[in-house]
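As a plain string of letters, each chain reads:
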Amino acid sequence: MKNYLTFTEEVAHALENKLPIVALETTIISHGMPYPQNMEMAKKVEQIIRDNGAVPATIGIMDGKIKIGLTDQELEEFATNKSVEKVSRRDFPYILASGKIGATTVAGTMIAAELAGIEMFATGGIGGVHREGEVTWDVSADLTELANTSVAVVCAGCKSILDIGRTLEYLETQGVPVVGYKTDEFPSFYSRKSGYGVDFTLDTPDTVASVMDTKWKLGMQGGMVISNPVPEESALPYDQIEAAIQQALAEAKENNIAGKKVTPFLLSKVKELTAGKSLETNIALVYHNAEVAAKIAVEYKKKQKK
């Protein structure tokens, strides 16, 4: 793996000294937000992690290398380059061999984090089963990665454009624990509500870290979903966001939008229909997830030293 992994000095120092580290994805930078908000978000989320006692490791692929940690110049490249490709499990060999620039998805970031020895990852929302899943069986690779890759993911649930019920059923089948952080209801990304429950409710970083520690010491492979609702003041009403999603889904169907183009279209349309409020909520929940992930990472590392 030494031929493929490179580290910033900050991340290399943290790994060598067994300091808490939080992995971050690059798809949210390249494909999830417009410039310059994406660059501002990327730098601020890293600082939030540092402010809470951990080291940020933003992950992406450039020049045939999986980069664990990015410089400001590299972050700028991911924020502005229009040819950045999304990288999930199936894409690693091609993107690395071709030397192209690739932004890691949730699944891709989990893979790279585990290769680097990082157990904690903060993102916006995980992928899931699409609402047309009963017809097309469109299931995100994030879910199978959570079943196989031992990285805990702090998120605001799955994106509300997805079928939340089927997503949770899939995670249950795969044996992936779904933790509600200070909540007994699974959040739906933009909203704190979804109508669905969680497997366990945990209220402190220490208790979450204890569950992570126990799971992996038992030799139980796979990750954990730590669902962390968007802060109250930034949340959108469930009914409002659901109405926007239903309209966006109808327009996607009318325009025959399918495959990889569906999620970017829906997110863009929801942003338009909410007059930009969905983007503000997206940024707020990412910051909140980074803060919680850093606090859990700190507690988890304390347990490794005992």
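Refer to the structure above for everything that follows.
Residues numbered from 1 in each chain as written. Predicted model: local features only at pLDDT ≥ 70, side-chain atom pairs only at ≥ 80, totals over all residues. Heavy atoms only, no water.

**Some words on helix α12 (residues 262-273)**
Then comes step 1: End to end, α12 covers 16 Å across 12 residues, agreeing with the expected 16 Å (1.5 Å per residue, within 8%).
Then comes step 2: Those residues of α12 lying buried are V262, T263, L266, L267, K269 and V270. Viewed along the axis of α12, the buried residues span an arc of 165°, placing them on a single side of the element.
Then comes step 3: Of the surrounding secondary structure, the elements contacted by the buried residues of α12 are α11 (238-254) and α13 (277-304).
Then comes step 4: Looking one or two places after α12, you find A275, whose phi comes out positive at around 55°. (Helix = DSSP H or I, 4+ residues; strand = E, 2+ residues; numbered from the N terminus. Expected span 1.5 Å × (residues − 1). Buried < 20%, exposed > 50% of the residue type's maximum accessible area, 1.4 Å probe, protein only. Arc of directions from axis to C-beta. Contact = heavy atoms within 4.5 Å.)

**So, the pairing of strand β3 (residues 55-62)**
Then comes step 1: The element β3 is largely enclosed, with a buried count of 8 among its 8 residues.
Then comes step 2: Because side chains alternate across β3, one face comprises the buried residues V55, A57, I59 and I61, and the other comprises P56, T58, G60 and M62, equally buried.
Then comes step 3: In terms of strand pairing, β3 meets strand β4 (residues 65-68) through 4 bridges, oriented antiparallel. Among the inter-strand pairings, I59 is bridged to a residue of β4, identified as I68.
Then comes step 4: Taking the residues between adjacent antiparallel strands as the criterion, β3 and β4 are bridged by 2 residues, where D63 takes a positive phi near 55°.
Then comes step 5: Taken together, the 2 bridges between β3 and strand β6 (residues 102-104) define a ladder with antiparallel strand orientation. Across the sheet, residue I61 finds its bridge partner in β6, namely G102. (Pairing = 2+ DSSP bridges.)

**Details of the packing of α11 against α12**
Then comes step 1: Contact geometry of α11 with α12 gives a least axis separation of 9 Å together with a crossing angle of 130°. Taken as axis vectors, α11 and α12 run oblique relative to one another. Note that α11 runs across α12; the crossing there is right-handed. Facing α11, whose interface residues are I241, A244, I245, Q247, A248, L249, E251 and A252, α12 presents F265, L266, K269, V270 and L273.
Then comes step 2: Within the contact of α11 with α12, the residues separate by chemical class into 10 nonpolar, 1 polar and 2 charged. (Axes fitted to C-alpha atoms, helices over the stretch in contact; angles between N-to-C directions. Parallel < 35°, antiparallel > 145°, perpendicular 65-115°, else oblique. Left-handed = near helix turned anticlockwise from the far one by under 90°. Nonpolar A, V, L, I, M, F, W, Y, C, P; charged D, E, K, R; others polar.)

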